[in-house]
Amino acid sequence: EAGVAQSPRYKIIEKRQSVAFWCNPISGHATLYWYQQILGQGPKLLIQFQNNGVVDDSQLPKDRFSAERLKGVDSTLKIQPAKLEDSAVYLCASRRRTGVDTEAFFGQGTRLTVV
Amino acid sequence: AQSVTQLDSHVSVSEGTPVLLRCNYSSSYSPSLFWYVQHPNKGLQLLLKYTSAATLVKGINGFEAEFKKSETSFHLTKPSAHMSDAAEYFCVVSEAGSYQLTFGKGTKLSVIP
């Protein structure tokens with residue numbers, strides 16, 4: 001099966017600019033995650049969707065970050081305005097809903113550099 | 001609430017010697033546990049998973065892990081390290097009834113020729 005697709009792979013922006021990332025999960029996967037991975041750290045959950053509903057966005061900085069999942073399939077994550085500390089790799093993952101023992105599949109990530 | 005502690009941020013081994021990467025977890029309910037590997041500039045790849053069947057789990061590339069409920073541990077081992085094993089390894093916990101995935105901070109494995 002096709003994997004999780006993310007774009008772009010790399011992005012460099014200036015602080016205070018806006019940026020958007022796109023994710024296409026594996027077909028039929030109801031659960032979709034966005035993670036932020038700062039260099040040298042483990043991934044931190046930003047938001048979790050179940051179909052097109054938000055399950056958990058407690059760690060999403062809502063004053064600057066937003067995310068949506070249209071029709072329960074593709075998802076976009078936006079940052080506006082960006083700060084230097086937003087420099088990180090943004091990972092998208094998807095998972096089948098049935099069975100807590102199912103693994104998540106990850107995309108290659110988008111590496112964001114804010115200058 | 002669930003959490004994961006990876007006890008070593010960096011492990012260095014010689015090629016051909018055993019590998020041990022340690023992970024302790026905290027979970028209110030029956031957890032599922034996973035180990036993922038991340039090579040430089042690559043995505044996260046599943047190595048193995050524990051799902052309440054056998055406590056000794058075998059994964060890809062010769063890795064295995066043992067679930068010990070009494071010690072709340074899920075350590076990753078490999079009998080003989082290969083140069084290609086050099087990467088970052090993440091222990092991940094997911095509670096029964098929840099679809100949250102909580103990551104440890106990662107262990108960087110270096111393999112010395």
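Heads up: the structure comes first, above all this text.
## With respect to unusual backbone geometry
The phi angle of most residues is negative, glycine excepted, and most peptide bonds adopt the trans form.
Here is step 1: For the bond running from serine 7 of chain A to proline 8 of chain A, omega is -10°, close enough to zero to count as cis.
Here is step 2: Tracing the backbone shows proline 8 of chain A in the loop between β1 (5-7) and β2 (10-13).
Here is step 3: Cis geometry is adopted by the peptide bond preceding proline 81 of chain A, which originates at glutamine 80 of chain A and carries an omega value of -5°.
Here is step 4: Positioned with a positive phi, lysine 71 of chain A is a non-glycine residue whose angle comes to about 55°.
Here is step 5: Relative to the helices and strands, lysine 71 of chain A resides in the loop between β7 (65-69) and β8 (75-79).
Here is step 6: With phi around 60°, asparagine 61 of chain B is a residue other than glycine that occupies positive phi space.
Here is step 7: Take asparagine 61 of chain B: it is sitting in the loop between β7 (56-58) and β8 (64-68).

## Section: the pattern of salt bridges
Residue and element names in this part refer to chain A.
Here is step 1: Per the stated rule, a full pass over the model turns up 6 salt bridges over all chains.
Here is step 2: One salt bridge connects aspartate 86 with arginine 64, and the closest N-O pair in it is separated by 2.5 Å. With a gap of 22 residues between them, aspartate 86 in the loop between β8 and β9 (88-95) and arginine 64 in the loop between β6 (53-56) and β7 connect regions that are remote in the sequence. Take aspartate 86 and arginine 64: they sit in the same class, and that class is buried.

## Describing the interface of chain A and chain B
Here is step 1: On the side of chain B, 23 residues touch chain A, which itself brings 26 residues to the contact.
Here is step 2: Together, the buried faces of chain A and chain B total about 1900 Å²; carbon and sulfur atoms form 51% of this surface.
Here is step 3: Put simply, chain A and chain B have 1 salt bridge between them.
Here is step 4: Between lysine 49 of chain B and glutamate 103 of chain A there is a salt bridge, with its nearest N and O atoms 2.7 Å apart.
Here is step 5: A per-element tally of the side of chain A that touches chain B places strand β4 (residues 31-37) of chain A first, with 4 residues.
Here is step 6: Classifying every residue of the side of chain A that touches chain B gives 7 nonpolar, 11 polar and 8 charged.

## Let's talk about the state of the cysteines
All names here are of chain A.
Here is step 1: A full pass over the atoms with the stated rule returns 2 disulfides over all chains.
Here is step 2: Between cysteine 23 and cysteine 92 runs a disulfide, and the two sulfur atoms are separated by 1.9 Å. Classification of the bridge connecting cysteine 23 and cysteine 92 rests on its S-S torsion, roughly -70°, and on that basis the disulfide is left-handed. Separated by 69 residues along the polypeptide, cysteine 23 in strand β3 (residues 19-24) and cysteine 92 in strand β9 bring together distant segments of the chain.
Here is step 3: Using a relative accessible area of 0% as the deciding quantity, one classes cysteine 23 as buried.
Here is step 4: Its relative accessible area of 0% is what places cysteine 92 among the buried residues.

## Concerning the packing of aromatic side chains
Here is step 1: Under the criterion given, the structure shown has 14 aromatic pairs over all chains.
Here is step 2: Of the aromatic side chains, those joined through ring pairs into one cluster are Tyr33, Tyr35 and Phe106 of chain A together with Phe34, Tyr36, Phe90 and Phe103 of chain B.

Criteria and cut-off values
Residues numbered from 1 in each chain as written. Chains lettered and ligands numbered in written order. Predicted model: local features only at pLDDT ≥ 70, side-chain atom pairs only at ≥ 80, totals over all residues. Heavy atoms only, no water. Helix = DSSP H or I, 4+ residues; strand = E, 2+ residues; numbered from the N terminus. Salt bridge = Lys/Arg side-chain N within 4 Å of Asp/Glu carboxyl O. Buried < 20%, exposed > 50% of the residue type's maximum accessible area, 1.4 Å probe, protein only. Contact = heavy atoms within 4.5 Å. Buried area = accessible area lost by both parts, 1.4 Å probe. Nonpolar A, V, L, I, M, F, W, Y, C, P; charged D, E, K, R; others polar. Disulfide = S-S within 2.5 Å. Phe/Tyr/Trp six-rings, centres within 6.5 Å; stacked < 30°, edge-to-face > 60°.

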